[in-house]
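Below, each chain spelled out in residue letters.
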Amino acid sequence: MKKEPRDQKLPSDRDEQLIHYQTIPERRFSTDRAREVIKRIVDERLETVEYSCTCAVISKELSDCIKTTVKKLLYERYKLVCFVAIGQLTDSVVNCSSRAVWSPTADTFTEYIYKNRSLFAVCVLFAVYKE
């Protein structure tokens, strides 16, 4: 004879209404607005900076600042991933790449490349929609 567990609640109509999956965002993430934010933050912060070992700390600060500021644009259900790399401006070549599984209808990214006399910065912001 099979025993039924006690104290197990069956889902009510109200509970089913609370579970809501939305596979397509109501408002798509604006890469243009995000790029403007990134450009303003990076230009302002790196304008007078010379390349040195402190650039590692600066890149983390920039990444955190970019994420915080873009979150204020209030794109609901988007997870933001920010990547900032700062390097010395020399005659060498730098290649950056990334791979991810995502939905081309909802997920997106934007990038900004900055250069001054002594350094370059590559900033990439990924906006991944959470269903």
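Higher on the page you've got the structure.
Residues numbered from 1 in each chain as written. Predicted model: local features only at pLDDT ≥ 70, side-chain atom pairs only at ≥ 80, totals over all residues. Heavy atoms only, no water.

### Considering the environment of glutamate 36
Link 1 in the chain: As for its placement among the helices and strands, glutamate 36 is situated in helix α2 (residues 31-46).
Link 2 in the chain: Each C-alpha atom of the pair glutamate 36 and tyrosine 112 lies 9.1 Å from the other, and the pair is 76 residues apart in sequence. (Helix = DSSP H or I, 4+ residues; strand = E, 2+ residues; numbered from the N terminus.)

### Digging into the pattern of salt bridges
Note that side chains of opposite charge can pair when their charged atoms are close.
Link 1 in the chain: Taken as a whole, this structure holds four salt bridges when the rule is applied.
Link 2 in the chain: Put simply, glutamate 50 and arginine 117 hold a salt bridge, and the shortest N to O gap is 2.8 Å. Pair noted here: glutamate 50 is in the loop between α2 and α3 (55-71) and arginine 117 is in the loop between β2 (108-115) and β3 (119-129), with a separation of 67 residues, a long-range link.
Link 3 in the chain: A residue is classified by how much of its surface remains accessible, and glutamate 50, at 43% relative accessible area, is partly exposed. (Salt bridge = Lys/Arg side-chain N within 4 Å of Asp/Glu carboxyl O. Buried < 20%, exposed > 50% of the residue type's maximum accessible area, 1.4 Å probe, protein only.)

### Considering the state of the cysteines
Link 1 in the chain: In this structure the tally under the stated criterion is zero disulfides.
Link 2 in the chain: Considering cysteine sulfurs only, cysteine 82 is the nearest to cysteine 123, which forms no disulfide, with 6.5 Å between them. (Disulfide = S-S within 2.5 Å.)

### What to know about the nonpolar core
Link 1 in the chain: In this structure, Phe29, Val42, Leu46, Ile66, Val70, Ile86 and Leu125 are the most contacted members of the largest nonpolar core, which totals 29 residues.
Link 2 in the chain: Taken together, the elements giving at least two residues each to this core come down to α2, α3, β1 (78-88), β2 and β3.
Link 3 in the chain: In this structure phenylalanine 29 touches Ala34, Val70, Tyr75, Tyr78, Leu80, Thr108, Leu125 and Ala127, once residues within four positions along its chain are discounted. (Core = buried A, V, L, I, M, F, W, Y, C linked by side-chain atoms within 4.5 Å. Contact = heavy atoms within 4.5 Å.)

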